[in-house]
Amino acid sequence: MKHSVLSIIFLIFAVSGTAQQVFNFEGETLRYNAKYGFIKGGEVIISSKKVKYNDVDCYDVKIDMYSIGLVNDIFHFHDIFRSIFSKQTLKPYKFIRDAHEGSYSQYEEVVYYDNYVESSVNGRFETSDRYYDIVSGIFALRSYNWAKLNTNDVLVFPIYFDEKIVNTKIVYKGKEKIKLNGKYYNCHKFVPIFDGVKMFSKEGVSVYFSDDYKRKPILIKVNFRVGSFKVEYVEK
């Protein structure tokens, strides 16, 4: 599976939630603007609904992200990531990626089992557990028991990503108030660690979740060695 930098930035968190709390994400729709500097170059929509899959109560979550305006003229992209995962465990049953990035395109379906995954592109991959995909992992982090975290605690989780198991490291940076489009948000800040990735500055990526019962992703900041990139929540 090929993943562009844009895809990895938008779907920056894919983590396990072993210390979960119960949240209701049914019927949620979140909208975002993607900006490079002052230029709005894309939009992201995250939507969720409740479904039955193999007689299990699940969420069906879709992340739709696409380029607009000048960025679209230079580099067109339209990626759709979809995951069907258990409401109780947040573990996935099916993952779909429909990617169109410049001249590259790919459609893939991945079905998850307890000890292997089956990809329509890459075939069978053996695992020792039912790991999260890159969509259900976002909701697992939102359901994590943040009350147990202290500033600079490091979370290390194995995830299934790109036909291999990757140990994802995330640093909890505590609470922070941020201003976005004239409004203040109380947030929890997380910083993922990208070993060996040279395109980012020292604190390459920061993600802010609202400090309330919804725990919405409010802001993703990506600091390159030259320039910066933001994905900003759009208030209804």
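For the structure itself, look to the data block above.
This section reports on the structure supplied with the text. Since we're looking at a predicted model, the values are computed, not measured.

1. Observations concerning unusual backbone geometry
Peptide bonds are mostly trans, and most non-glycine residues show a negative phi.
Part 1 of the reasoning: In the Ramachandran plot, N54 falls in the positive-phi region, its phi being about 55° despite a non-glycine side chain.
Part 2 of the reasoning: Of note, N54 is situated in the loop between β2 (39-53) and β3 (56-67).
Part 3 of the reasoning: Classification of N54 as exposed rests on a relative accessible area of 59%.

2. Looking at the pattern of salt bridges
Part 1 of the reasoning: Applying the stated criterion across every chain, the model contains 13 salt bridges.
Part 2 of the reasoning: A salt bridge links R130 to D114; the shortest N-O distance between them is 3.1 Å. Note that R130 is positioned in the loop between β8 (123-126) and α3 (136-142) and D114 in the loop between β6 (104-112) and β7 (116-119), a separation of 16 residues in sequence.
Part 3 of the reasoning: By relative accessible area, which is 53% here, D114 ends up exposed.
Part 4 of the reasoning: Three or more residues joined by partner-sharing salt bridges are found here, namely D79, R97 and E101.

3. What to know about the packing of aromatic side chains
Part 1 of the reasoning: This model, assessed by the stated rule, comprises 13 aromatic pairs.
Part 2 of the reasoning: With 4.9 Å between their ring centres and 85° between their planes, F25 and F139 make a pair best called edge-to-face. Here F25 is found in the loop between α1 (5-10) and β1 (29-36), whereas its partner F139 is found in helix α3, with 114 residues between them in sequence.
Part 3 of the reasoning: With 5.3 Å between their ring centres and 55° between their planes, W146 and F190 make a pair best called tilted. In this pair, W146 is assigned in the loop between α3 and β9 (154-161) and F190 in strand β11 (residues 183-192), connecting sequence segments 44 residues apart.
Part 4 of the reasoning: A connected cluster of aromatic rings, assembled from ring pairs, spans F25, Y59, F85 and F139.
Part 5 of the reasoning: We note K91 situated over the ring of Y132; from NZ or CZ to the ring centre the distance is 5.4 Å.
Part 6 of the reasoning: Seen from the ring of Y116, R124 lies directly overhead, with NZ or CZ sitting 3.6 Å from the centre.

4. A word on the nonpolar core
Part 1 of the reasoning: Grouped together as the largest cluster of nonpolar side chains are 49 residues, with contacts concentrated most on I46, F190 and I218.
Part 2 of the reasoning: Ignoring any residue separated from it by four or fewer positions in sequence, one finds I46 in contact with E28, T29, L30, Y32, V61, K62, I63 and F139.

5. Some thoughts on the pairing of β2
Part 1 of the reasoning: Pairing analysis gives eight bridges linking β1 to β2, with the strands arranged antiparallel. Bridged to K35 within β2 is K40.
Part 2 of the reasoning: Hairpin connection between β1 and β2: a loop of two residues separates the two successive antiparallel strands, and G37 in this loop has a positive phi of roughly 65°.
Part 3 of the reasoning: In this structure, the hairpin formed by β2 and β3 is closed by a connection of two residues, where N54 is found at a positive phi of approximately 55°.

6. Points about the environment of D64
Part 1 of the reasoning: Looking at where D64 falls in the secondary structure, it is placed in strand β3.
Part 2 of the reasoning: Overall, the relative accessible area of 14% leaves D64 in the buried class.
Part 3 of the reasoning: Distance in space between the C-alpha atoms of D64 and R31 is 9.7 Å, their sequence separation being 33 residues.
Part 4 of the reasoning: When residues no more than four places from it in sequence are discounted, the contact partners of D64 are E43, V44, I45, H78, D79 and I80.
Part 5 of the reasoning: In this structure the side chain of D64 is engaged in a polar contact, spanning 2.7 Å, whose partner is the side chain of H78.

7. With respect to the environment of Y233
Part 1 of the reasoning: Mapped onto the elements of the fold, Y233 is located in strand β14 (residues 228-233).
Part 2 of the reasoning: Among the residues examined, Y233 registers a relative accessible area of 4% and is labelled buried.
Part 3 of the reasoning: Among residues more than four places away in sequence, those in contact with Y233 are L30, R31, Y32, L180, N181, Y185, K216, P217 and I218.
Part 4 of the reasoning: Of note is the side chain of Y233, whose polar atom sits 3.2 Å from the side chain of K216.

About the criteria used
Residues numbered from 1 in each chain as written. Predicted model: local features only at pLDDT ≥ 70, side-chain atom pairs only at ≥ 80, totals over all residues. Heavy atoms only, no water. Helix = DSSP H or I, 4+ residues; strand = E, 2+ residues; numbered from the N terminus. Buried < 20%, exposed > 50% of the residue type's maximum accessible area, 1.4 Å probe, protein only. Salt bridge = Lys/Arg side-chain N within 4 Å of Asp/Glu carboxyl O. Phe/Tyr/Trp six-rings, centres within 6.5 Å; stacked < 30°, edge-to-face > 60°. Lys NZ or Arg CZ within 6 Å of the ring centre and 35° of its normal. Core = buried A, V, L, I, M, F, W, Y, C linked by side-chain atoms within 4.5 Å. Contact = heavy atoms within 4.5 Å. Pairing = 2+ DSSP bridges. Polar contact = N/O pair within 3.5 Å; in protein donor to acceptor, adjacent residues only side chain to side chain.

Keep in mind these numbers describe shape, not what the thing actually does.
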